[in-house]
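Results of the structural survey
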Amino acid sequence: MKNYAIRAAQKVLYLRRQPDEKFFHFEIRHNSPFKRPPLHQAIMVDGVKIMYLPIAKNACSSLKRVVAELGGLHLDRSEDIHRKLDNENTGLMFFNRDDEDIRTALSQSGWMRFAIIRDPLERLVSAYVEKFVVNRLSPDVKITCDPVLMRIHKLGWLRDPDYERGVTFRSFVKDIISQPPDRLDPHWRPQSQYLKAYPFTHIYHIDDLDLVARDLSDHTGKDIHIPRSNVSRNSDQTELYVEDAADLLPRDLPSPERISVSSFAHGKLRRRILAYFTEDLELVAATRDQRMMSESRQGTGDQ
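My aim in this report is to walk through the structure given alongside it, one point at a time.

Thresholds, definitions, all that
Residues numbered from 1 in each chain as written. Predicted model: local features only at pLDDT ≥ 70, side-chain atom pairs only at ≥ 80, totals over all residues. Heavy atoms only, no water. Helix = DSSP H or I, 4+ residues; strand = E, 2+ residues; numbered from the N terminus. Buried < 20%, exposed > 50% of the residue type's maximum accessible area, 1.4 Å probe, protein only. Lys, Arg positive; Asp, Glu negative; His and termini not counted. Salt bridge = Lys/Arg side-chain N within 4 Å of Asp/Glu carboxyl O. Contact = heavy atoms within 4.5 Å. Core = buried A, V, L, I, M, F, W, Y, C linked by side-chain atoms within 4.5 Å. Arc of directions from axis to C-beta. Polar contact = N/O pair within 3.5 Å; in protein donor to acceptor, adjacent residues only side chain to side chain. Pairing = 2+ DSSP bridges. Axes fitted to C-alpha atoms, helices over the stretch in contact; angles between N-to-C directions. Parallel < 35°, antiparallel > 145°, perpendicular 65-115°, else oblique. Left-handed = near helix turned anticlockwise from the far one by under 90°.

1. A look at the side chain of Asp280
Inspection of the secondary structure assignment puts Asp280 in helix H14 (residues 278-302). An unpaired buried charge is present at Asp280: no salt bridge exists, and Arg123, the closest side chain of opposite charge, is 4.7 Å distant. Ignoring sequence-local partners within four residues, the contact set of Asp280 consists of Pro120, Pro190, Gln191 and Ser192.

2. Quick look at the nonpolar core
Side chains of nonpolar character tend, in soluble globular proteins, to be buried together. Formed by 35 residues in total, the largest nonpolar core has its most connected members in Tyr128, Phe132, Phe169, Phe172, Trp188, Phe264 and Ile273. Elements with a contribution of two residues or more to this core: helix H6 (120-134), helix H7 (142-153), helix H9 (169-176), helix H12 (261-264) and helix H13 (267-276). Counting residues per element, this core draws most heavily on H6, which supplies eight residues. In this structure, Val45, Val67, Leu92 and Phe114 belong to the second largest nonpolar core, which totals 30 residues.

3. Remarks on H13
Those residues of H13 that fall on the buried side of the exposure criterion are Leu269, Ile273 and Leu274. Mapping the buried residues of H13 onto a view down its axis gives an arc of 130°, with all of them on the same face. Relative to its buried face, H13 has exposed residues pointing more than 90 degrees away, namely Lys268, Arg271 and Ala275.

4. Some details on the environment of Arg136
Along the polypeptide, Arg136 turns up in the loop between H6 and H7. Judged by relative accessible area, which is 14%, Arg136 ranks as buried. Separated by 27 residues in the primary sequence, Arg136 and Tyr163 have C-alpha atoms spaced 6.1 Å apart. Leave out the neighbours within four places in its chain, and Arg136 touches Lys131, Val141, Tyr163, Glu164, Pro250 and Arg251. Polar side-chain contacts of Arg136 include one of 3.0 Å to the backbone oxygen of Glu164.

5. Considering the pairing of strand E3 (residues 112-117)
Of all the six residues making up E3, six are buried; the element is thus mostly covered by neighbouring parts of the structure. Residue alternation in E3 divides its side chains into two sets, Met112, Phe114 and Ile116 and Arg113, Ala115 and Ile117, and both sets are buried. By the bridge criterion, three bridges tie strand E2 (residues 50-52) to E3 in an arrangement that is parallel. Bridged to Ile50 within E3 is Met112.

6. Some points on the packing of H9 against H13
In contact at an axis separation of 11 Å, H9 and H13 are set at 30° when each is read in the N-to-C sense. For the element pair H9 / H13, the angle class is roughly parallel. Between H9 and H13 lies a crossing of left-handed hand. Residues Phe169, Arg170, Val173 and Ile176 of H9 touch H13, and the partners they reach there are Leu269, Ile273 and Tyr276.

In C-alpha cells:
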C-alpha cells in the first residue's frame, strides 16, 4: 500500500511537469563545455589526428563506427556503436577525455576536424518519418518523441492510442519552429547549433561520403570505406509524390520511406522551415564550395 501511494504521488508530480522538463535527457549538466551537448560526443583519435563531431541524422552511425575503429575500437557486426560509446569509457569521446587534451587538439595544426551537414528539409523529413511514422510504436523512440507529442496533444501522459494516432508533419514542424533552437532534441536541432563551438577544418554534405572517405584515407594513410547504416528513407527506390502528405496522419501515409521531401514541405510550410534553418542552409552552401575546391584539386592532379 505504501509503495502504491508513493508511485501515485510520483505520477502526479510527473503529470504536473511541463513536457520540456520530462525528457531532456540530452541536456547534461557539467562545468566543462566539452562534457555538455553537443560537444560531449565528439570523437578524437590522437594517433591519426582525427576529430569528428557527430550530428544526428547525418550518417553518424556509419561515421562513428569508422572513426572509432581508427581509434582501436572494433565492434561485432551486431553491436550498436551508439550504445558502445555512450555506456563504456572508450577514451574516444570528449566526455571521456581531459579538457586540456581537448583544448590542445582543437588548437593544434595538423588535425582533421570534420562534420557532416545535410539539407535541413531532407533531415527534418527523415527524422519525422523515422521517429513519428515508421517507428512510432517502438519504445526506443519515446524519449525522443514524447515532448513533441505531449505539447501538440496538450497531454501530460501518453497512452498507446496517442502513439498510434501520432502527429502530422505540419503539426511536427509547427511545434519545432516554436521552440528555442538550443532546447530541441538533437535529431532536429539546427546543425549550426552543433558547430558554433567546434573549429572544424572540413565540412561535408551527406551526399559526399565518397569524398569524406577519400580525405580520411589521404589524411590517415589507411584505406577508408564508409558503409551506409541506419537509413530511414530508401533513396534507391523511385520517390512517391503524395498530395497533402504534410496533413496526413502516420497511418494514412502510403510507403512513407519513399515519399518525396517536396510532398511534405512545399509552399508556405517550406518557407517557414527554411527561415528557421537559415544558418543550416549557409552551411550546406559551404559544403558545395569545399566540394568544388576538392574536385578542382583532383582535376589538376589528374592532368
